[in-house]
Amino acid sequence: MTTLLEPSLSPDQELLVESTRRFLNDTRGSWEPRGTFSVDLDHQARWWREGAELGWTSMFAAKERGGGGVSQYPLLDACLLAYERGRQLAPGPFVGSAVAALLYTRAEDGQPQTDVLARENLAGISTVAVPLASMGLHRLYPGPDIEMRNAGGRSRLFGRQSGFMFSSTDTGVLFPVAEGEQTIWVFVDRGDSGILVEPGSSLDLQLEFGTATFEGAAAVPVARGDEVTRHASTLATVLLCSETVGLMAQMFDVTSTWLMERRSFGRPLASYQALKHRWADVRLLLDSSRAIVVAGARAWSDDPASAPRLASAAKSYISRNSLEMLQECVQLHGGIGVTWEHDLHVYLRRAVVNSQLLGEAEAHAKVLGGEVVAEASS
Amino acid sequence: MPELRWKDSTPDRFRRDVRLWFSQNMSSLEDGWGYFEQDNDRLRELVARLYDAGLSGLCIPSQYGGQDLDPVYQRILNAEALDYEMPWFVGNPGLGIIAPLLMQHGTGHQLGHIRKMIQGKTVFVQLMSEPTGGSDMAGARMRADPDGDGWKLNGQKIWSSGAWRSNWGLVLARTDWTQPKHAGLGMFLVDLEQDGVEVRRIVMADGSDEFCEVFFTDAVVTGAGLVGSRNAGWEMAQTLLNYERQAVGGGSPYVFERRDVNRGVTTPGFRRLLKARSGQFSTTEVKELGASEAEVAVAAALIEWVTRGVANGKLPPIAGSMLRLNSGLLTEKRLGLALKFAGKQAAFSSSEEHLDIGASFLVRQASSIGGGTVEMQRNLISERLLGMPREHGGDHKGPYRDAI
């Protein structure tokens, strides 16, 4: 039973995975995937800083600051971690901090505030909330409900931005707005009097999503341009998909064990051909999902022009199939698969939420289909 | 040893050189789908041309006549060759499946066949399935009786793809009827250009006749023709099957192969159809095409992922079954989608224009049956990769002569 995202790893990558895996195992009692938000915040902050030391925040940080992966494929390295974290439903804004790190490296020079943000992001001291539910390769431009204009010699924001994923370690929000003809990513400090953060409820028991309303909040410019947004969206999409594949892999292993051990009519469930055949199809789906994530991660370094297409292929395929795959795991468990007590629903909750972040399956199918049609007409 | 033409090249330089060479030396083919009609002479001519340019057997070790290169070079060549007439059938099953088997189990004499395949002098066919059993390959009833130093073969094989254009065959036959089913088999290399071998083509539902029945009447195999030992045929067959699964799924580095991820599972008719729409597609259709395109990209990624894992020893060779299963299922979906898009034009048309989509649909299941059925792959994946309990078989346990 292979439990790896990518079977062929370098010794450095194996070490990277092993140290995170061990940390998650050792601290497993510290977090609760089923929990609500009433967890010791200081503890969470300390735990996130320890994760940062293991490389969770460094893959996309500037090399001068000590950033970079452990191989020639930094996105693959990050995906290996996202996968392990997905398997355990580990908390913390892994995808958001990766996006932020990338954006900070594209910041204009001489921005002391961005400097501080980058440093704190890398060290795991603070994070920023990114609107993962509202951004993506399907939608490069900001929504119509937000406006940035000059007031009192500064850029200030007015309106609403939805889709933020909030964490207790956030010092502010980071998201794209329109500035004239182009998009610009801006940071707003949570302490600004002009921002009101409204968390909402989520199907996932651990994550917190919500809206920020702006009434003249000061906007700190971070990075500009469609290319930057496309780059950040590609990164986030592949990483998120890797986390989802981790969810799938964990439930695959749990259900495999169940099939071998559970007996019915005198023999294990695993001995029934109908179930064997369905399980082979599930394994095919799982390995296909691993494969497309790895392809996207490698393309990020090897062939960047093809990376957005592979990211959309991954998101279209995995968002669509992860839910059916997990439901198959539920079905094979029989009655206990739909109980609160079993972990299956907790993983399904995350999978449902993830399927709606960064563009749902159909949105990416539309992007890819548009390319097919354009190519056919050329 | 052939001259190692590319040992100092880089992938990018190789791509440029190959692109130029093709444009100057090979015939371009609008769709490249007329290749089924290539007979042995045409194949030999094409392979010889490629061989002289150092472009045949790119990844085969040099001691067997190849160029000793990394698989990426074969992929580059295959991508550049898409719009040209190519000798696709020298690779399937010869270089793609039989050459790896010989590299693993062949004698020095037998390994000489690899060089001949690379040069275009030999084209192989696999002779495994019989009318009484396709999936149950081990149930073979073809007789291999000792005759002097060699053997005499009697019996019939079926579904032998391309036997009509092949001059050599790899045959599974029963060498010992006193042994149980799996234990009394031998694998042989047979010269098909002899009186005792008769090839008849089988017409398929779409009118094509690539598959054949092959009849053996006291056909002669020399002593040098036995691959492995006398009763090791099943072991040879299982090795062969692993290579076949990988190759059918697109994972062999030894073959000229039409595997453009954007075109490989799209028929020329489907492409023409999409073009004829002049960009007029509903949102639903765009999404359907896109979702399907995602699956094509995933299939290509899976081939890379599995072949890398198997090559590095991180995945067991049986993981190749997943490639075979996936290619069958994907083809079913793609041809179903093409039929849907063709609509009335697949069923009736004032010209032949789109009827080929309908014809492809008629034999759609062939891609889920040939090279191992998808059902067999599910058995293999669940049992050998996932360790689930084996099926209870109904096979007779004693000598095979008592079983039939």
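Note that the structure is a prediction, hence the values are computed from the model and not measured. (Residues numbered from 1 in each chain as written. Chains lettered and ligands numbered in written order. Predicted model: local features only at pLDDT ≥ 70, side-chain atom pairs only at ≥ 80, totals over all residues. Heavy atoms only, no water.)

Among the nonpolar cores identified, the biggest contains 123 residues, and F60(A), L174(A) and L239(A) are the most heavily contacted of them. Of all the elements, helix α6 (residues 226–261) of chain A adds the most residues to this core, at 16 residues. For F60(A), the contacting residues outside a window of four places in its chain are P74(A), L75(A), A78(A), A98(A), A101(A), L102(A), T105(A), L235(A), L239(A) and W300(A). If you look at the next biggest cluster of nonpolar residues, it comprises 54 residues, including L46(B), M86(B), I98(B) and A140(B). (Core = buried A, V, L, I, M, F, W, Y, C linked by side-chain atoms within 4.5 Å. Buried < 20%, exposed > 50% of the residue type's maximum accessible area, 1.4 Å probe, protein only. Helix = DSSP H or I, 4+ residues; strand = E, 2+ residues; numbered from the N terminus. Contact = heavy atoms within 4.5 Å.)

Take helix α1 (residues 11–26) of chain A next. Residues and elements named next belong to chain A. Helix length check: α1, at 16 residues, gives a terminal C-alpha distance of 22 Å against a target of 22 Å (1.5 Å per residue), a fit within 8%. Looking only at α1, the buried set comprises Q13, L16, V17, T20, F23 and L24. In a view along the axis of α1, the buried residues occupy a sector of 130 degrees, so they form one face of it. Residues of α1 that are exposed and angled more than 90 degrees away from the buried face: P11, L15 and D26. If you follow the buried residues of α1, they end up packed against α2 (41–53) and α3 (74–88). (Expected span 1.5 Å × (residues − 1). Arc of directions from axis to C-beta.)

In the structure shown here, the tally under the stated rule is 18 aromatic pairs over all chains. Residues F23(A) and W56(A) carry aromatic rings whose centres are separated by 5.7 Å and whose planes lie at 70 degrees to one another, so their mutual orientation is edge-to-face. Here F23(A), found in helix α1, pairs with W56(A), found in the loop between α2 and α3; they are 33 residues apart in sequence, far enough to count as distant. A residue is classified by how much of its surface remains accessible, and F23(A), at 9% relative accessible area, is buried. What links up through ring pairs into an aromatic cluster is the set F23(A), W47(A), W48(A) and W56(A). It is R174(B) that lies over the ring of W177(B); its NZ or CZ is 5.6 Å from the centre. Over the aromatic face of Y400(B) sits the side chain of R174(B), whose NZ or CZ is 3.9 Å from the ring centroid. (Phe/Tyr/Trp six-rings, centres within 6.5 Å; stacked < 30°, edge-to-face > 60°. Lys NZ or Arg CZ within 6 Å of the ring centre and 35° of its normal.)

Residues and elements named next belong to chain A. The four strands are arranged β2-β3-β7-β6 in an open sheet whose pairing can be described as antiparallel. Two strands bound the open sheet, and with one partner strand each, they are β2 (146–151) and β6 (195–199). The average undirected angle you get between the axes of adjacent strands in this sheet is 15 degrees. In this structure, strand β3 (residues 154–166) lies alongside strand β7 (residues 208–218), joined through nine bridges in antiparallel fashion. Within the sheet, the bridge partner assigned to F158 lies in β7 and is E215. (Pairing = 2+ DSSP bridges. Axes fitted to C-alpha atoms, helices over the stretch in contact; angles between N-to-C directions.)

This part takes up the interface of chain B and chain A. Taken together, the contact between chain B and chain A spans 43 residues of the former and 45 residues of the latter. The largest share of the area that chain B buries against chain A comes from V298(B), W305(B) and M388(B), three residues that together contribute 17% of it. Between chain B and chain A we count five salt bridges in total. Notably, a salt bridge pairs R308(B) with E6(A), separated by 2.6 Å at the nearest N-O pair. Seen at the junction of chain B and chain A, the total is 10 residue pairs in polar contact (both at pLDDT 80 or more). Ranked by residues supplied to the side of chain B that touches chain A, first place goes to helix α8 (residues 283–311) of chain B with 16 residues. For the side of chain B that touches chain A, the residue count by class is 21 nonpolar, 11 polar and 11 charged. (Buried area = accessible area lost by both parts, 1.4 Å probe. Salt bridge = Lys/Arg side-chain N within 4 Å of Asp/Glu carboxyl O. Polar contact = N/O pair within 3.5 Å; in protein donor to acceptor, adjacent residues only side chain to side chain. Nonpolar A, V, L, I, M, F, W, Y, C, P; charged D, E, K, R; others polar.)

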